[in-house]
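Observations on the three-dimensional arrangement
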Amino acid sequence: MEKNVFVLGELNVDLIFSGENITPEWNREKLVNHFEQVLGSSSAITACVLAGLGHQVYFVGVVGDDPFGHFCIEQLRAKGVKTDYITIDPELKTGVTLSLTTTKDRALLTFMGAISKLTKKYLPENLYEIADHLHFGSYYLQQDARLQWREIFAEANKHQISTSFDTGWDPNNQWYRNDLLELLEFTDLFIPSEEELFSILNINNLTDIPACLPEKHGMVAIKRGENGSVLFDNDAHFISVDGYKVNPIDTTGAGDSFNAGLISGFLQNKRGEELLKFANACGALATLRIGGASYVPSLEEVYHFQNSNTE
Ligand SMILES: Nc1ncnc2c1ncn2[C@@H]1O[C@H](COP(=O)(O)OP(=O)(O)OP(=O)(O)O)[C@@H](O)[C@H]1O
Ligand SMILES: [Mg+2]
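The residue numbering used here restarts from 1 in each chain and proceeds along that chain's sequence as written. Written order determines the labels here, with chains lettered from A and ligands numbered from 1. At least 70 in pLDDT is required for a residue's local features to be given in this predicted model, at least 80 for side-chain atom pairs to be given and counted, and no such filter applies to totals for whole chains, interfaces and linings, which use all residues. Hydrogens and water molecules were not included; the side-chain quantities draw on all heavy atoms of the structure.

Attention now moves to the UniProt feature "domain: Carbohydrate kinase PfkB" (unreviewed entry) in the chain. UniProt positions are given in the numbering used here, feature names are shortened, and annotations may be inferred rather than shown by experiment. Within this structure's numbering, the places UniProt gives as "domain: Carbohydrate kinase PfkB" (unreviewed entry) are residues 3–296. In this description a helix means any DSSP run of H or I spanning at least four residues, a strand means any run of E spanning at least two, and both kinds are numbered starting from the N terminus. Overall, residues 3–296 shows 29% helix and 23% strand. The separation of its end C-alpha atoms is 18 Å.

Here it is as structure tokens:
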């Protein structure tokens, strides 16, 4: 499966403090029992899972020249992602998310740093000659590229390179509906969660979606947590597949793993129900281990999971 997938993405580390009594109080020091530093970022997790599924994955991104930046690069490399196209920019600081995690809830504080800074100038010169697929995650965090994606994807289209993106949540609650819809003309796989898409389109029902889509669009695959996913194809035909029945341990990265499954399945020429089931299996598998990219299944493991689990 030697397809070259380029992930144009944000990078950051997650600093995770976990335990029961971790709510901060001003002017007090509290001691916590668990701490972990892991690779964060939706794009990075998708890249790691794609590499695990057997693709040649190149990450294109930018980090600061600091220990966190080097950590992100090492972690990607350890998962088999090629990092030659990551720029280390000494003018920038690598982004950091501080996560306070109990068994029930999570509170996140993010310092953006280089997270928002990827733009066209960081793309490899020969990108359109060597890529088979372009993906980016976190539309709303990659702020500096927001108005450039259309041109990048249009160029990819000209070169018969397929394209996909995930939105993530918009922390500023802007949603940029028109900019986003304009990009769909050149997007083969648009992969938001249901909640995100409802916020973008200002609707509250899946049946309202086709009327909101521009005339020319690719597939729209919508993530619905334990309810599985739905797909509107290029003609807005609707396919729905239930989620696999699992007992989740940690749902971090389920959406990003679903993205990887959808892209990988698409590049293997899976379509319709078969494609959604494959992506659902990748999402469900991610809920069975702690962390986002800490566990990456192989293609065989995904098929084994599909054969031994039901929807
Ligand atoms: N509890 C679950 N049971 C079965 N499958 C699940 C479960 N949670 C997630 N999945 C699978 O993973 C996919 C993606 O998960 P989800 O809908 O939570 O994405 P998301 O909201 O983008 O999450 P993320 O926080 O990872 O970005 C779902 O469409 C589904 O196929
Ligand atoms: Mg998501």
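Having seen it, we continue.
With respect to burial, strand 1 (residues 4–8) is a largely interior element, 5 of its 5 residues being buried. Burial along strand 1 is two-sided: the residues Asn-4, Phe-6 and Leu-8 and Val-5 and Val-7 are all buried. As paired elements, strand 1 and strand 4 (residues 56–64) share 5 bridges and run parallel to each other. The residue of strand 4 that forms the bridge with Leu-8 is Val-60. Here 3 bridges tie strand 1 to strand 8 (residues 133–136), and the two strands are oriented parallel to one another. Considered in strand 8, the bridge of Phe-6 is made with Leu-134. Note on exposure labels: buried denotes an accessible area under 20% of the residue type's maximum, exposed denotes more than 50%, and partly exposed covers the range between, all computed with a 1.4 Å probe on protein chains only. Whether two strands pair depends on DSSP finding at least two bridges between them.

Another aspect to go through is the pattern of salt bridges. Any Lys or Arg side-chain nitrogen located within 4 Å of an Asp or Glu carboxyl oxygen qualifies as a salt bridge. Per the stated rule, a full pass over the model turns up 11 salt bridges. With a closest N to O distance of 3.5 Å, Lys-277 and Glu-273 form a salt bridge. Within this pair, Lys-277 and its partner Glu-273 are both found in helix 9 (residues 272–286), separated by 4 residues, close to a single helical turn. With relative accessibility at 24%, the residue Lys-277 sits in the partly exposed group. Across the pair Lys-277 and Glu-311 runs a salt bridge, and its minimum N-O distance is 3.7 Å. In this pair, Lys-277 is assigned in helix 9 and Glu-311 in the segment after helix 10 (299–308), connecting sequence segments 34 residues apart. If you follow the salt bridges from partner to partner, you end up with Glu-273, Lys-277 and Glu-311 in one network.

It is worth spelling out the nonpolar core at this point. We define a nonpolar core as any set of buried Ala, Val, Leu, Ile, Met, Phe, Trp, Tyr and Cys residues linked to one another through side-chain atoms lying within 4.5 Å. Membership of the largest hydrophobic core comes to 50 residues, with the highest contact counts inside it found for Leu-11, Phe-59, Leu-76, Val-81 and Leu-262. The element best represented in this core is helix 9, accounting for 8 residues.

Looking now at the sheet that holds strand 4. One open sheet accounts for 9 strands, arranged 5-4-1-8-9-10-11-12-13; its pairing is mixed. Strand pairing shows two members of the sheet lacking a second neighbour, strand 5 (86–89) and strand 13 (238–241), which therefore form its edges. In this sheet, strand 12 (residues 229–232) lies alongside strand 11 (residues 219–223) in antiparallel orientation, the contact comprising 4 bridges. The residue bridging Ile-222 from the neighbouring strand is Val-230, located in strand 12. Contacting strand 11, strand 12 and strand 13, helix 9 crosses the sheet at an angle of about 40° to strand 13. In this analysis, two residues are considered to be in contact whenever any of their non-hydrogen atoms come within 4.5 Å of each other. Fitted lines through C-alpha atoms serve as axes, helices being fitted only where they are in contact, and the angles separating the N-to-C directions of these axes extend from 0 to 180 degrees.

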